[in-house]
Amino acid sequence: MGVWVWGAVVLALVLVTAGGIAWWLARGCKLTMVGAVGAVTGGVVSLVCLAVLLDTDASLRIAALLTIGSGAWLLGWALAGGIRGQRLARAEAVASRAERSTSRA
């Protein structure tokens, strides 16, 4: 196995780990969980591709496309989950301020 194959294996494992960490940090956010599942699935499929395909060039190309696509998938969904969480936190803060102001009157 060449250096390129080992590099692809390491990147796929990093992607699986990042997906696992995103799942762990999601705290029930469905958007982030969708991204985490996609990242873990893409990383595992990339590893399987590297192990099963006999043509090294083809397996490296497919693994690279899967890894890049799954990483972008995770990034997009994690950002969407973060934006949603920020909006919910702001709405909750506004509601609590409004509740406190009405309870004083």
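Residues numbered from 1 in each chain as written. Predicted model: local features only at pLDDT ≥ 70, side-chain atom pairs only at ≥ 80, totals over all residues. Heavy atoms only, no water.

J.: How should I be thinking about the side chain of S59 in this particular structure?
T.: Looking at the secondary structure, you find S59 in helix α3 (residues 56-104). In this structure S59 comes out as buried when scored by relative accessible area, which is 3%. (Helix = DSSP H or I, 4+ residues; strand = E, 2+ residues; numbered from the N terminus. Buried < 20%, exposed > 50% of the residue type's maximum accessible area, 1.4 Å probe, protein only.)

J.: Sorry if this is basic, but what is going on with the packing of helix α2 (residues 30-52) against α3 here?
T.: Helix packing geometry: the angle between the two helix axes and the distance between the axes. Interhelical geometry of α2 versus α3 gives an angle of 170° and a closest axis separation of 7 Å. In terms of their interaxial angle, α2 and α3 are classed as roughly antiparallel. Of the residues assigned to the contact of α2 with α3, the class counts are 16 nonpolar, 10 polar and 1 charged. (Axes fitted to C-alpha atoms, helices over the stretch in contact; angles between N-to-C directions. Parallel < 35°, antiparallel > 145°, perpendicular 65-115°, else oblique. Nonpolar A, V, L, I, M, F, W, Y, C, P; charged D, E, K, R; others polar.)

J.: Teacher, can you tell me more about α2 here?
T.: Because each turn of an α-helix spans 3.6 residues, side chains separated by three or four positions in sequence point in the same direction. The end-to-end C-alpha distance of α2 is 32 Å, a good match for the 33 Å that 23 residues give at a rise of 1.5 Å each. For α2, the full list of buried residues reads T32, M33, G35, A36, A39, G42, G43, S46, C49 and L50. Those residues of α2 that are buried are in contact with α1 (3-26) and α3. (Expected span 1.5 Å × (residues − 1). Contact = heavy atoms within 4.5 Å.)

J.: Is there a simple way to think about the environment of T67 in this case?
T.: Position of T67 among the secondary structure elements: in helix α3. Separated by 24 residues in the primary sequence, T67 and G43 place their C-alpha atoms 6.2 Å from one another. Here T67 is in contact with L11, L15 and S46, once residues within four sequence places are set aside.

J.: So what exactly am I meant to see when it comes to a nonpolar patch on the surface here?
T.: Together, I21, W24 and L25 give the surface a local cluster of nonpolar side chains, amounting to about 380 Å² of exposed area. Within the secondary structure, W24 is located in helix α1. When its relative accessible area of 66% is taken as the criterion, W24 is described as exposed. (Patch = residues over 30% accessible without salt bridge, like charges linked within 9 Å, V, L, I, M, F, W, Y side chains within 5 Å. Areas by Shrake-Rupley, 256 points an atom, 1.4 Å probe, with all protein chains shown as cover. Salt bridge = Lys/Arg side-chain N within 4 Å of Asp/Glu carboxyl O.)

J.: Hey, could you run me through the environment of A58 in this one?
T.: Note that A58 resides in helix α3. Sequence-wise, A58 and A91 are 33 residues apart; in three dimensions their C-alpha atoms are separated by 49 Å.

J.: What's the story with the packing of aromatic side chains in this structure? I'm lost.
T.: The relative placement of two aromatic rings is captured by the distance of their centres and the angle of their planes. By the definition in use, this model includes 1 aromatic pair. Centre to centre, the rings of W73 and W77 are 5.6 Å apart; their planes meet at 55°, and the pair counts as tilted. Within this pair, W73 and its partner W77 are both found in helix α3, separated by 4 residues, close to a single helical turn. Judged by relative accessible area, which is 39%, W73 ranks as partly exposed. (Phe/Tyr/Trp six-rings, centres within 6.5 Å; stacked < 30°, edge-to-face > 60°.)

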